[in-house]
Amino acid sequence: HGLSSPQLQPYDSRFAFAKENSTDCVELWFSQFDDEIASDSEIIDRMLNFASVSTKRILHIDKNIIVEKPILVQQNTIVYVDNVTIQLADNVDDNVFRGANVVLPELDASNIGYVPDSISPIENIAIIGRGDAIIKAPTIVKKWEGKDMVGDKYGARAMTMVFSYVSGLVICGLQFDGSRCYSIQLEHCDGVNCSYLQFNVRSANSDGVEVRSGCKN
C-alpha cells in the first residue's frame, strides 16, 4: 500500500525552491490540463511546454496515465507521482522518464541499440513517488524481428528511466512493475539519491538500478 518515502531529503538543498515559493518556479498538475480529448502524452507535452518558460518547475502527475513516448524532464524540475500509475503504451519501445538532455535516434535496422546522438550536462532533477506510485511496462511488448524487445540488447530505449550527465538527481518512493530492462539507468551522474524503491520485475536485466561509467556521490 505504497512506500513510506520522504518528499525530499533535508540535505537536498538544491531543491529548496519547492518550499520557498520562488517567483521563478511554476507548479502544475496534470489534472489542470486534462481535457479528456487529448492523449495523455499530449497533455504531458502541454504541461512541459507551459513549464518551460520558468527556470524551476514542480509537476504533479495526479491521474493514472498511459504514455506513448517518454516524459522528458528538464533541469531544475521536481516531478511528483501522486498515488497513480504511469504506464508505457502497448507496442511502444521507449522510456517512461528520460532526461531532456538525452537525444536518441529513431529505431532502424542499423541502429537497434539506440546509442544517444547527443548529451549535454544538466542539473537538479527529482522524481518522487507518494502513495502507490507505480511505473509500469506495456501490457503488450513491441516486437522486433518476431522477438519481444526485452533486455539490454535493445539499448537505451529499453530502460524504464534513463538519466545521463545529471548533477543532483533524486529518485525515490516508486514501484517498478514489469520493466523490460533496467528500471533505472544512470551514466555520468553526480550527487544521486535513489531510495525507497520497489521492483516487481521478471525479465532479463530488469532487476533494478544500473550504475554505468562516470557516476559518483
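The structure under discussion appears in the preceding block.
Residues numbered from 1 in each chain as written. Predicted model: local features only at pLDDT ≥ 70, side-chain atom pairs only at ≥ 80, totals over all residues. Heavy atoms only, no water.

Asker: What is the right way to look at the sheet that holds strand β3 (residues 65-67) in this model?
Answerer: Within a sheet, neighbouring strands are paired by backbone hydrogen bonds and run either parallel or antiparallel to one another. The five strands lie next to each other as β3-β6-β11-β16-β19, forming an open sheet whose pairing is parallel. Sheet topology places β3 and β19 (198-200) at the edges, where each strand pairs with a single neighbour. Strand-to-strand twist across the sheet, computed as the mean angle between neighbouring axes with direction ignored, equals 20°. Pairing of strand β11 (residues 134-136) with strand β16 (residues 175-177), which is carried by three bridges, proceeds in the parallel orientation. From the neighbouring strand, Ile134 faces β16, where its bridge partner is Gln175. (Pairing = 2+ DSSP bridges. Helix = DSSP H or I, 4+ residues; strand = E, 2+ residues; numbered from the N terminus. Axes fitted to C-alpha atoms, helices over the stretch in contact; angles between N-to-C directions.)

Asker: Would you take a moment to explain the packing of aromatic side chains for this structure?
Answerer: The relation between two aromatic rings is expressed through the spacing of the ring centres and the mutual angle of the planes. All told, the structure shown has two aromatic pairs when counted by the stated rule. Ring centres of Phe33 and Phe50 lie 5.8 Å apart, and the angle between their planes is 70°; on these two criteria the pair is classed as edge-to-face. Highlighted residues: Phe33 in helix α1 (residues 30-33) and Phe50 in helix α2 (residues 40-51), separated in sequence by 17 residues. Relative accessible area serves as the criterion here: at 18%, Phe33 is assigned to the buried category. Assessed through its relative accessible area of 46%, Phe50 is described here as partly exposed. Ring plane angle 10° and centroid distance 5.4 Å describe the contact between Phe176 and Phe199, whose orientation is recorded as stacked. With a gap of 23 residues between them, Phe176 in strand β16 and Phe199 in strand β19 connect regions that are remote in the sequence. (Phe/Tyr/Trp six-rings, centres within 6.5 Å; stacked < 30°, edge-to-face > 60°. Buried < 20%, exposed > 50% of the residue type's maximum accessible area, 1.4 Å probe, protein only.)

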